[in-house]
Amino acid sequence: MSAVLESFATAFRLIVHADPALVRTVALSLAVSGSACLCAAAFGLASGAWLAVARFPGQRAVLLVLDTLLALPSVVVGLAVYLLLSRSGPLGSWGILFTPAAMVIAQTILVLPIVTALARQVVADALRDGGDQLRSMGAGALASAVLMLMHERWAMATVMLIAFGRAIAEVGAVMIVGGNIDGVTRVMTTTIALETSKGDLPLALALGFVLLVVVALLNVAIALFRRGSSPLAADLR
Amino acid sequence: MTMLPASTLIALRDASVAYGAVQAVRNATMRVAQGDFIAVVGANGSGKTSLLRLLHGVVAHSGSREVLRPAGVQAMVFQRPFLLRLSVWNNLRIALWLAQPDTATALREERAEEALRRVGLVALRDRPARSLSGGEQQRLALARGWAVRPDILFLDEPTASLDPSAKNDVEALLADFAADGMTLVMSTHNLGQAKRLANRVVYMDEGRIDIDLPTADFFGSGTLGRADLFLKGKLSWSLAG
């Protein structure tokens, strides 16, 4: 028990004194997962809204595949991206394996189905409520999709929070394509896994605590944003 | 083929609407003419809303629906108006942008301002539309419909969930719109409202247009069969089915 308490105390000291290794790891994690979420948002929100308004042959099959991809294991994504980016792979010439760029690609693929599927569901629900009204006002499919994304922006912010939570907490994909290189591709989750295996619990605990705090802060930010306290929210009203 | 009067805006011939196995409108034949204020009345589930949607063209149908002035603008105010989670002002601006994309922005904004003044919501223009009271939301929906200068405005029970004061406000606006020459088609359960506002009454029964008469004739004839029972509030569940 005292060993655990001692680990907590050390973790607390590392955080309070902004340990450089800790800060570097947290910053890289935020950069990689944040970039992946931005990429996933650009493609996922648009394609999710489009899937909600479009009608085309094979749509049910596409939705089935999309829903299946929600359970995509991160190690499978890591393996697929590794095969693509490895020297003998089709994108080996890019030379980005074991770099943060490869980690961003892997995490984008991991969270893209989440963003797309949830955005589609939110927009489809909104259209059930107001689709007739928008059609009556002369909105075509594209205009309806854009207006519903705007209408459901708080829900979309929550979707992105869920995606960020999935990205920043995963370990399999970034471990495989990043290689967990100290100071280059070592992020919070891979450090936690490594330090735990080495028996260095304080750093692992500190990172775990930071991980939770980051997600909690994001939740608070979203809540404040929803209450319309930010200038951006006021502008959108 | 019968020639339609020049004032006709929309004509239905044997038009039907079905939702799966449910036949909501059966073989409707009617026309809407310039300057009409039609009240569509009938029991719950008689097909009033579906008839409005059919006339407006937002529902799939069989039979014929002819729009005699294809370039004419139509708008509809739904029973529960769907307002975007934006300000009152932006809801109006978007409605105008969708209806009149080629109109200059300044002119659209002028029309939005005018619509707000008309329904008395100028002071609330920056408020989130969804934070308005039920009556204010309905007035905003009317402003949104009116702002696009429609040839025909469809209204689906526009005062159904409003208190008497808000109901009076909305009725006054509708009377104003009609006085300006706008063609209105409104479904309502409120027979007094139909009598006060409309110049024609369409009575629907089990998806069929049972009666289509000038208002005075509808309320004065007293020989309308099941419609008489409806007028006297005696069309019970068992009789209605």
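Criteria and cut-off values
- Residues numbered from 1 in each chain as written.
- Chains lettered and ligands numbered in written order.
- Predicted model: local features only at pLDDT ≥ 70, side-chain atom pairs only at ≥ 80, totals over all residues.
- Domains from an automatic or database assignment.
- Contact = placed C-beta atoms within 7 Å.
- Helix = DSSP H or I, 4+ residues; strand = E, 2+ residues; numbered from the N terminus.
- Nonpolar A, V, L, I, M, F, W, Y, C, P; charged D, E, K, R; others polar.
- Pairing = 2+ DSSP bridges.
- Axes fitted to C-alpha atoms, helices over the stretch in contact; angles between N-to-C directions.
- Core = buried A, V, L, I, M, F, W, Y, C linked by C-beta atoms within 7 Å.
- Buried ≥ 20, exposed ≤ 12 C-beta atoms within 10 Å, placed from the backbone.

## With respect to the domain arrangement of chain B
Residues and elements named next belong to chain B. Each assigned domain of chain B is listed with its residue range as follows: domain 1 (10–72 + 151–241) and domain 2 (81–149). Computed from C-alpha coordinates alone, the two centres of domain 1 and domain 2 are separated by 25 Å. Facing 10 residues of domain 1, the contacting portion of domain 2 comprises 8 residues. Take the side of domain 1 that touches domain 2: its biggest share by element is 5 residues, from helix α5 (residues 164–179). Taken together, the residues that form the side of domain 1 that touches domain 2 break down as 7 nonpolar, 1 polar and 2 charged.

## Some remarks on the sheet that holds strand β4 (residues 62–67) of chain B
Strands in a sheet are paired, the pairing made by backbone hydrogen bonds, and the direction either parallel or antiparallel. All names here are of chain B. Within the open sheet, the 3 strands sit side by side as β2-β1-β4. Their pairing is antiparallel. Strands at the two margins of the open sheet, each flanked by one partner only, are β2 (22–33) and β4. Strand-to-strand twist in this sheet, taken as the mean axis angle between neighbours without regard to direction, amounts to 15°. Sheet topology note: the strand β1 (residues 8–19)/β2 ladder contains 8 bridges and is antiparallel. Bridging across to β2, Leu12 finds its partner in Met30. In this fold helix α1 (residues 48–56) packs onto β1, β2 and β4, with an angle of close to 55° to the strand it touches most, β2.

## Here's the deal with the nonpolar core
By size, the foremost hydrophobic cluster in this structure holds 138 residues, and its most contacted members are Ala106 and Val115 of chain A. Among the elements that line this core, the one with the most residues is helix α5 (residues 100–136) of chain A, at 19 residues. Counting the residues that make up this core, at least three belong to each of domain 1 (10–72 + 151–241) and domain 2 (81–149) of chain B. In this structure Val115 of chain A touches Ala40, Ala41, Gly44, Leu45, Gly48, Val159, Met160 and Ala163 of chain A, once residues within four positions along its chain are discounted.

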